[in-house]
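The lines below spell out each chain.
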Amino acid sequence: MSVLYNPKVIEKKWQKVWEDEKAFTVGTDTSKPKYYALVEFPYPSGQGLHVGHPRPYTALDIVARKRRMQGYNVLYPMGWDAFGLPTENYAIKNHIHPKIVTENNIKRFKEQLQSLGYSFDWSREINTTDPNYYRWTQWIFLKLFEKGLAYKAEMPINWCTSCKVGLANEEVVGGVCERCGSEVVRVVRKQWMLKITEYAEKLITDLDQVDYIDRVKISQKNWIGKSEGAEVDFTLAGKEDTLRVYTTRPDTLFGATYMVISPEHPFVDKYKDEIKNYEELIEYRNNAAKKSDFERTELAKDKTGVCIKGLTAVNPVNGKEIPIWISDYVLMTYGTGAIMAVPAHDERDWDFAKKFDLPIIEVVAGGRVDEAAFTNTETGILVNSEFLNGLEVADAKKKITAWLTEKGIGTKKTNYKLRDWVFSRQRYWGEPIPLVHCEKCGQVALPESELPLLLPEVESYMPTDNGESPLAAMTDWVNTTCPKCGGPAVRETDTMPQWAGSSWYFLRYIDPMNDLAFAGKEALDYWMPVDWYNGGMEHTTLHLLYSRFWHKVLYDLGYVNTPEPYQKRTSHGMILGENGEKMSKSRGNVINPDDVVSEFGADTLRTYEMFIGAFDLSAAWSMEGVSGCRRFLERVWKLQDLLTDEEGFSKELETKLHQTIKKVSLDFESLKFNTAIAAMMSFVNECYRLERITRGEYKTLLLLLNPVASHVTEELWETLSFGGRVYQASWPLWDEAKTVEATVEIVIQINGKIKAALVIEPEETEENVIKKAHEIPAISTILDGKTIVKQIYVKGRILNIVAK
RNA sequence: GCAGUUGUGGCGGAAUUGGCAUACGCGCAUGAUUCAGGUUCAUGUCCGGGUUCCCGGGUAGGGGUUCAAGUCCCCUCAACUGCACCA
């Protein structure tokens, strides 16, 4: 009898062996093909590891371990995305320096991850808050700055009227401050911005070069939101000024019956003296400032707005004078901050016109504009539009755009939803922006030799009450000299957002100790691009897009050798609580991975998380499901008692084995871990049914299972003296001929209903199958007296007899 | 409102190009095993009706295409996730 399966002992044992043998430490090795597998590095939060973390980590650990067994030189690294708000808030609340908080959190996270036995190359561990790391984050920022991709602009921030601090969107819950419940308003501040919009087109077109799951590509395209339209100038009646609008429907210009500008539009103040209801407009603007863009633009809500009295616009196509309104659904940050309203053919405009009783003029026939906006652009024909009448929408767009261009009152214009990246934070726990403000020279970059610009280590990292960064209070640090002219200058006191450090971290893993460059050329040439990157869907539009943007800038500057950082991107689903809801403290449904490891073992946790369901869908936790996986590993363990010395394979089991190798090999590649594990379970069940397994079969099973349950398979491998280690062994290959069953069962249907089954050889001819089918009594009885209309045979699967 | 995703037994979920719906796991039931069991092994388990066996129904709901639909098409409903009404 075999000894008991004791994961507590064997898991510690093998983790130590792997560490001692430097099993997963890699270097540049040109004798082998490289493989770079990457998972998103975690934010080391105070709560410790969540059961959601091991799902993607185990998945790519499987890929990494399989690739090593297939002869690749595999880089699978891990690090810490450690700057950020929760740490800073925790530090403020508990009077512990964020640096200490971060150190403690990382220590805990690392222990937890190591207890799961991942094949990370820990010698390449990185930490975004390490000056040797953020030195290069700052360096890249300076490259962006030198290239003119960083600029300052007035941007609204969330401002808590009570705490007197700027808040992240996340800290604003239902329009009030998350901490104190006071009202949050939007105030304008000068912010550093990065011109990601300059790369909008490339970020769309280069998606063709990479292998991302469709969902990700679609999300990125929708986020960038390219639209083709026109900009049109409307003159202000009796003024020199023109009001420029952007529209995707220039064809409906004759139907514009009013204009709407954003409450923040500069014309409101510019024509203050002529506007008769200025006070009313300002009150409306102040109310709008309290809402987020999302709230402002919610289509479901009631439309609000105020008509500007004393200012009108002239429609350039027909000279008609039309009113100008302000409304919060028009945002200053998109297009020109002004729209022409065509209520007949736009839903929002239609709602607005109905509410305020504004005229609706149909210019595209095909709908019933008295009942709803007609927005169809495929079938409509232009009417009430003079020279456009009778045209289809697409043609009308072309004609009017050409006409506008010729008259000099409009141009064709491509717009993107994508906005520039607000890059500054009025916070302590982030990378300092390495710039100084000199009265003489303006914004001046620090010379490279002065990097890293260290985050000053002081006691007071509390937010200031005037909305400036905590760094602003450190006058010794702030006051400096200009590197250009040597005169007095002040440092930039805002810090970078958390996204900065994660926008290039995959490059640092390649060469983490390099102090001459973010990574050496030789290492970059060898390792880039990342072959497989897995991460959460929630990072699709921010992190993933930001890092592609930075990489493209570095590529254009010649610092990296690939236009795209990631060759392949996949995404995992969330792990929900046992009640099917998102895990959270307040719901009381949080599962701690440490508890699962100590009760069942890391191999069980890994197996369970892979077996829980389709990798890309969310799945609910089940403790009973966990014990099922533990039971499976026990059964694998106890196969030792069924070992037979009998020569040769059971033919039946051999077929099953080759089918299993094939299934597992292919399923691991397509993230179908649940069915791969099901196939191994089936194989084990078959061994129990036959009450036998040979050494060769057992060996193969251990190889297949090793990427999932790495510790128990190493232990069994050693116990059975298969020689060496599983991590050094070769991945098994299947023989296609041996996966084919000797006989197959096909189903006989009559008129699509199953009536009988027939066992045949797979290569049996159609003619013979039909003949045999008709010989089955159950079939011949039913067919008696009927006329056969047709017979469809699908090889090795089904015969359908259609009879009347 | 927009975008994306999902809907299959008591539960988690399987099911290349349309080709035996419910693999695998859990739970439950019965039997065996064990001093004991939150052990192990075996067998059964979509629903309904007559009960060797057969008949009928069945993949959120409705319709369609087809010899054949969980899978393709149209409509409806529900849930989850993200969001910046993008003019």
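Here the structure is shown first, and the text comes after it.
Engineer: Looking at this structure, I do not really get the overall build of chain A. What am I missing?
Structural biologist: For chain A, the helix and strand inventory stands at 26 helices and 34 strands. In terms of overall dimensions, chain A has a C-alpha envelope of 100 × 85 × 50 Å along the principal axes. Across the 804 residues in chain A, those meeting the buried criterion constitute 54%. The contacts in chain A between residues at least 6 apart in sequence include a share of 72% that link residues at least 24 apart. Here chain A displays about 35,700 Å² of accessible surface, and carbon together with sulfur accounts for 50% of that area. In chain A, 98 side chains carry a positive charge and 113 a negative one; their mean positions are 1 Å apart.

Engineer: Whenever I open this one, the layout of surface pockets confuses me. Can you help?
Structural biologist: To find the voids left in a structure, one rolls a probe of water-molecule size over its atoms. By volume, the second largest pocket is sized at about 430 Å³. Lining the second largest pocket we find 17 residues, and of these Gln15, Trp18, Glu19, Gln114 and Trp122 sit closest to its centre. Looking at the lining of the second largest pocket, the elements with two or more residues in it are helix 1 (7-20) and helix 4 (98-114). Per-class residue counts for the lining of the second largest pocket are 7 nonpolar, 5 polar and 5 charged.

Engineer: Help me understand the packing of aromatic side chains, please; the structure alone is not making it clear to me.
Structural biologist: Remark: the centre distance and the inter-plane angle together describe each pair of aromatic rings, the angle taken between the planes. One pass over the full model with this rule turns up 48 aromatic pairs. Here the aromatic rings of tyrosine 57 and tyrosine 118 are separated by 6.1 Å at their centres, their planes lie at 90°, and the arrangement is edge-to-face. A residue pair is termed long-range when its members are at least 10 positions apart, and tyrosine 57 in helix 2 (residues 54-69) and tyrosine 118 in the loop between helix 4 and strand 4 (126-127) qualify at 61 residues. There is no split in this pair, since tyrosine 57 and tyrosine 118 are both buried. The interplanar angle of 80° and the centroid separation of 5.6 Å between the aromatic rings of phenylalanine 615 and phenylalanine 673 together place this pair among those described as edge-to-face. In this pair, phenylalanine 615 sits in the loop between helix 19 (602-611) and strand 28 (619-620) while phenylalanine 673 sits in helix 22 (residues 673-690), placing the two residues 58 residues apart along the sequence. Comparing phenylalanine 615 with phenylalanine 673, the two get one shared label, buried. Put simply, the rings of Phe141, Phe145, Trp192, Tyr199, Trp421, Phe423, Trp499, Tyr546, Phe549 and Trp550 touch in pairs and so form one group of aromatic residues. Seen from the ring of tryptophan 18, arginine 65 lies directly overhead, with NZ or CZ sitting 4.7 Å from the centre. Lying across the ring of tyrosine 35, arginine 67 places its NZ or CZ 4.5 Å from the centre.

Engineer: Looking at this structure, how should I read the pairing of strand 33 (residues 788-794)?
Structural biologist: Both strand 33 and strand 34 (residues 798-803) contribute to a ladder of 6 bridges, which runs antiparallel. Note that in strand 34 the partner of isoleucine 788 across the bridge is alanine 803. Adjacent in sequence and paired antiparallel, strand 33 and strand 34 are bridged by 3 residues, among which glycine 796 carries a positive phi angle near 70°.

Engineer: Explain the sheet that holds strand 6 (residues 166-167) here, please?
Structural biologist: Adjacent strands of a sheet pair through backbone hydrogen bonds, lying either parallel or antiparallel. Taken in spatial order, the 4 strands line up as 6-5-9-20 in an open sheet, and their pairing is antiparallel. Looking at which strands have only one partner, the edges of the open sheet turn out to be strand 6 and strand 20 (421-422). Where strand 9 (residues 184-194) meets strand 20, 2 bridges bridge the pair, whose relative direction is antiparallel. Bridging across to strand 20, methionine 193 finds its partner in valine 422.

Engineer: Mind showing me how you'd approach the state of the cysteines here?
Structural biologist: Under the counting rule described, the total for this entry stands at 0 disulfides. Among the cysteines around cysteine 629, which has no disulfide bond, cysteine 687 carries the closest sulfur, lying 18 Å off. Assessed through its relative accessible area of 0%, cysteine 629 is described here as buried.

Engineer: How should the packing of helix 18 (residues 593-600) against helix 20 (residues 623-638) be read in this particular structure?
Structural biologist: When two helices pack together, their arrangement is given by the angle between the helix axes and the distance between those axes. At their nearest, the axes of helix 18 and helix 20 sit 11 Å apart, and the two run at 40° to each other. When the axes of helix 18 and helix 20 are compared, the pair comes out oblique. As helix 18 runs across helix 20, the sense of the crossing is right-handed. Across the interface between the two elements, Val596, Glu599 and Phe600 of helix 18 pack against Met623, Val626, Ser627 and Arg630 of helix 20.

Engineer: Explain the nonpolar core here, please?
Structural biologist: Taken as a class, soluble globular proteins show a tendency for nonpolar side chains to be buried jointly. In terms of nonpolar packing, the biggest core is built from 146 residues, with Tyr36, Phe141, Phe518, Phe549, Trp550 and Trp621 touching the most fellow members. Filtering out sequence-adjacent residues up to four positions away, tyrosine 36 remains in contact with Leu75, Pro77, Phe506, Tyr509, Ile510, Trp527, Met528, Pro529, Val530, Asp531 and Trp532. Counting residues in each nonpolar core, the second largest holds 40 residues, with Val232, Phe254, Ala344 and Leu404 among its members.

Engineer: So what exactly am I meant to see when it comes to empty space enclosed by the protein here?
Structural biologist: All chains considered together, the criterion is met by 1 cavity of 30 Å³ or more. The space that makes up the largest cavity amounts to roughly 40 Å³. As for the largest cavity, its lining consists of Val165, Gly166, Gln426, Arg427, Pro463, Thr464, Gly467 and Glu468. Tallied by class, the residues present in the lining of the largest cavity amount to 2 nonpolar, 4 polar and 2 charged.

Engineer: When you look at the side chain of glutamate 40 in this model, what are you seeing that I'm missing?
Structural biologist: Mapped onto the elements, glutamate 40 comes out in the loop between strand 1 (34-39) and helix 2. Ignoring sequence-local partners within four residues, the contact set of glutamate 40 consists of Tyr57, Tyr505, Tyr533, Asn534, Gly535, Gly536, His539, His543 and Arg569.

Engineer: Hey, could you run me through the packing of helix 2 against helix 19 in this one?
Structural biologist: Relative to each other, helix 2 and helix 19 sit at 100°, their axes nearing to 9 Å. It follows from the interaxial angle that helix 2 and helix 19 lie roughly perpendicular. Residue-level inspection shows Pro54, Arg55, Thr58, Ala59, Asp61, Ile62 and Arg65 of helix 2 in contact with helix 19, the latter providing Leu605, Arg606, Glu609 and Met610. Its residues assigned to classes, the contact of helix 2 with helix 19 comprises 5 nonpolar, 1 polar and 5 charged.

Engineer: Explanation requested: the environment of glutamate 231 in the structure shown.
Structural biologist: Inspection of the secondary structure assignment puts glutamate 231 in strand 11 (residues 226-236). Assessed through its relative accessible area of 12%, glutamate 231 is described here as buried. Along the sequence, glutamate 231 and tyrosine 246 sit 15 residues apart, while their C-alpha atoms lie 4.4 Å from each other. Setting aside residues no more than four positions away along its own chain, glutamate 231 makes contact with Arg244, Val245, Tyr246, Thr336, Ile409, Gly410, Thr411 and Lys413.

Engineer: Help me out: how do you make sense of the pairing of strand 22 (residues 442-445) in this one?
Structural biologist: A regular strand places its side chains so that they alternate between the two faces of the sheet. Direction of pairing for strand 21 (residues 435-438) relative to strand 22: antiparallel, over a ladder of 4 bridges. Within strand 22, the residue paired with histidine 437 across the bridge is glutamine 443. The hairpin formed by strand 21 and strand 22 contains 3 residues between the paired strands.

Engineer: Can you help me understand the sheet that holds strand 24 (residues 488-491) in this one?
Structural biologist: Strand order across the open sheet formed by 4 strands is 22-21-24-23, with antiparallel pairing between neighbours. Sheet topology places strand 22 and strand 23 (479-481) at the edges, where each strand pairs with a single neighbour. When strand polarity is set aside, the average angle formed by the axes of neighbouring strands in this sheet is 45°. In the sheet, strand 21 pairs with strand 24 via 3 bridges, with the strands oriented antiparallel. Note on strand 24: the bridge partner recorded for valine 436 is arginine 491.

Quick notes on the rules
Residues numbered from 1 in each chain as written. Chains lettered and ligands numbered in written order. Predicted model: local features only at pLDDT ≥ 70, side-chain atom pairs only at ≥ 80, totals over all residues. Heavy atoms only, no water. Helix = DSSP H or I, 4+ residues; strand = E, 2+ residues; numbered from the N terminus. Buried < 20%, exposed > 50% of the residue type's maximum accessible area, 1.4 Å probe, protein only. Contact = heavy atoms within 4.5 Å. Areas by Shrake-Rupley, 256 points an atom, 1.4 Å probe, with all protein chains shown as cover. Lys, Arg positive; Asp, Glu negative; His and termini not counted. Charge placed at Lys NZ, Arg CZ, Asp CG, Glu CD. 1 Å grid on protein atoms, 1.4 Å probe; cavity = no way out; pocket = protein on both sides within 12 Å on 5 of 7 lines; lining within 4 Å. Points joined across faces, edges and corners; volume = space filled by probe spheres on them. Nonpolar A, V, L, I, M, F, W, Y, C, P; charged D, E, K, R; others polar. Phe/Tyr/Trp six-rings, centres within 6.5 Å; stacked < 30°, edge-to-face > 60°. Lys NZ or Arg CZ within 6 Å of the ring centre and 35° of its normal. Pairing = 2+ DSSP bridges. Disulfide = S-S within 2.5 Å. Axes fitted to C-alpha atoms, helices over the stretch in contact; angles between N-to-C directions. Parallel < 35°, antiparallel > 145°, perpendicular 65-115°, else oblique. Left-handed = near helix turned anticlockwise from the far one by under 90°. Core = buried A, V, L, I, M, F, W, Y, C linked by side-chain atoms within 4.5 Å.

Treat this as a map of the structure, not an account of what it does.
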